[in-house]
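Commentary on secondary and tertiary structure
Here are the chains, one letter per residue:
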Amino acid sequence: MSTLASWAAAPPADAAIEIAPEAVSAAAVTIRGSEVVVQGYASEALPAGALTASLTAQNVLDRRAVAAALQAVAGRLGTQPRRVALLVPDLTARVSLVRFDKVPARSGDLEQLVRWQVRKSAPFPVEESVLTFAPGARSADGAEFIAVLARRAVIRDYETLCEEQGMHAGLIDLTTFGLVNLLLAGDALPAGDWLVVHVRPEYTSLAIMRGDNMIFFRNVAGGDPESLADAVHQTTMYHQDRLSGRGFSQVLLGGAGRSGGALDSARRSLEARLGAAVRPIDISRLAGAVGGGPGSSDRLAMLAPLVGTLLRMRAQVAA
């Protein structure tokens, strides 16, 4: 999965932290045999307007409030993390899938080629950006790469929040990529092409997977179920017309919206538009980490990308 830092260069983190407009969350996990054990989890709501998710503008608007929330969740993990994986909102970066008929043998030449491709649609000078890319789907006709471009100043703001708490962000990734990584770490992948719909209070992200390769990614601002259904319909048409798709073997829905019933409303709207069942993402294996009670489903939804990121890091190091 594409990241804003290299998986290969990042040893396992002590914890994963997500800084989102609605809250700061943190989790630490350990692996016991084939079982994922969440050692600690904490989340702290942010005041409205403290942080916004933007590709081009400043994100951290009330630094004191965000720093206080980060300090609180780190302190409740039970251990002081030093190396962390940091998840930032999807809207802070632009995800592109670039395809080449021939891939340069030298990594430096490949990077220049990817940079040249993504600069065409960059809303800021590419010299002010951080860029990373990872291999995607391959075929006899060439190879795809998942490229992630973000404004350096925006990402640096998130990094320094961690540094001020004595934590180094050895890896920075997008929240939906963390959720996809949790699905990829499951026992069995869906057959054929499958669609992931990740709902957040400020946006929704859509990812089409072909096996374990991402072949499409899109953000939709806001959380209106009808707008989301329109976006999924457009994505379905694009899948059929441009990606040689023959329908989705599964449509998986996860995340949490602005209200308690937002996810269920989104599911009903999507099923009516698609004429097919939409499955909630199964995160029951994480349930013991947050306990029961009001809001437990939303806490699980926030925990899922954190755990997925940590599992992916451990799998890469073990490979």
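Shown above is the structure to which this text applies.
Figured I'd write up the structure that's included with this text. (Residues numbered from 1 in each chain as written. Predicted model: local features only at pLDDT ≥ 70, side-chain atom pairs only at ≥ 80, totals over all residues. Heavy atoms only, no water.)

1. Concerning the sheet that holds strand S10 (residues 203-210)
- One open sheet accounts for 5 strands, arranged S11-S10-S9-S12-S13; its pairing is mixed. Pairing within the sheet leaves two strands with one partner each, and these edge strands are strand S11 (213-221) and strand S13 (279-280).
- In the sheet, strand S9 (residues 193-199) pairs with S10 via 7 bridges, with the strands oriented antiparallel. Directly across from Val196, in S10, lies its bridge partner Ala207.
- Relative to S9, helix H4 (residues 175-184) is tilted by about 135 degrees, and along the sheet it contacts S9, S10, S11 and strand S12 (250-255).
- Packed onto the sheet, helix H5 (residues 225-242) meets S9, S10 and S11 and runs at close to 25 degrees relative to S10. (Pairing = 2+ DSSP bridges. Helix = DSSP H or I, 4+ residues; strand = E, 2+ residues; numbered from the N terminus. Contact = heavy atoms within 4.5 Å. Axes fitted to C-alpha atoms, helices over the stretch in contact; angles between N-to-C directions.)

2. Notes on the side chain of His198
- Its location among the elements puts His198 in strand S9.
- The exposure class of His198 is buried, given its relative accessible area of 0%.
- Here the side chain of His198 touches Thr176 through a polar contact of 2.8 Å, side chain to side chain.
- Excluding anything up to four places from it in sequence, His198 contacts Thr175, Thr176, Leu179, Tyr203, Thr204, Ser205, Gly254, Gly255 and Pro305. (Buried < 20%, exposed > 50% of the residue type's maximum accessible area, 1.4 Å probe, protein only. Polar contact = N/O pair within 3.5 Å; in protein donor to acceptor, adjacent residues only side chain to side chain.)

3. Focus on the side chain of Arg200
- Relative to the helices and strands, Arg200 resides in the loop between S9 and S10.
- Side-chain polar atoms of Arg200 contact the side chain of Glu18, separated by 2.7 Å.
- The residues touching Arg200, leaving out its near neighbours within four places in the chain, are Glu18, Ala20, Glu22, Thr175, Ala256, Gly257 and Pro305.

4. Description of the packing of H5 against helix H6 (residues 262-274)
- In the contact formed by H5 and H6, the axes pass within 9 Å of each other and the chain directions differ by 40 degrees. Taken together, the axis directions place H5 and H6 in an arrangement best described as oblique. The crossing of H5 and H6 is right-handed. On H6, the residues touching Pro225, Glu226, Leu228, Ala229, Asp230, Val232, His233 and Thr236 of H5 are Ser265, Ala266, Ser269, Leu270, Arg273 and Leu274. (Parallel < 35°, antiparallel > 145°, perpendicular 65-115°, else oblique. Left-handed = near helix turned anticlockwise from the far one by under 90°.)

5. As for H6
- Compared with an ideal rise of 1.5 Å per residue, which puts 13 residues at 18 Å, H6 spans 18 Å between its outermost C-alpha atoms and is within 8% of the ideal.
- For H6, the set of buried residues is Ala262, Ala266, Ser269 and Leu270. One side of H6 carries all its buried residues, which in axial view fall inside an arc of 100 degrees.
- At its buried positions, H6 is contacted by S9, H5 and S12.
- Once H6 ends, the next one or two residues include Gly275, with phi positive near 65 degrees. (Expected span 1.5 Å × (residues − 1). Arc of directions from axis to C-beta.)

6. Describing the packing of aromatic side chains
- Applying the stated rule across the entire model yields 4 aromatic pairs.
- Aromatic side chains Phe100 and Phe145 sit 6.1 Å apart centroid to centroid with 45 degrees between the ring planes, which places their arrangement in the tilted category. Of this pair, Phe100 sits in strand S5 (residues 93-100) while Phe145 sits in strand S7 (residues 142-151), placing them 45 residues apart in sequence. Each member of the pair, Phe100 as well as Phe145, is classed as buried.
- Aromatic pair Phe133 and Phe145: ring centres 6.1 Å apart, planes at 80 degrees, arrangement edge-to-face. (Phe/Tyr/Trp six-rings, centres within 6.5 Å; stacked < 30°, edge-to-face > 60°.)

7. Some points on the sheet that holds S7
- Strand order in this open sheet of 3 strands is S5-S7-S6, and the pairing throughout is antiparallel. Strands at the two margins of the open sheet, each flanked by one partner only, are S5 and strand S6 (129-139). The average undirected angle you get between the axes of adjacent strands in this sheet is 20 degrees.
- Of the strand pairs in this sheet, S6 and S7 are connected by 9 bridges, and their pairing is antiparallel. Looking at the pairing, Phe133 lines up with Ala147 of S7.
- Contacts from helix H2 (residues 107-118) reach S5, S6 and S7, with the element oriented near 115 degrees to S5.

8. Looking at helix H1 (residues 63-75)
- Helix length check: H1, at 13 residues, gives a terminal C-alpha distance of 18 Å against a target of 18 Å (1.5 Å per residue), a fit within 8%.
- Every buried residue of H1 is listed here: Ala65, Val66, Ala67, Ala69, Leu70, Val73 and Ala74.

Taken by themselves, the reported measurements are silent on function.
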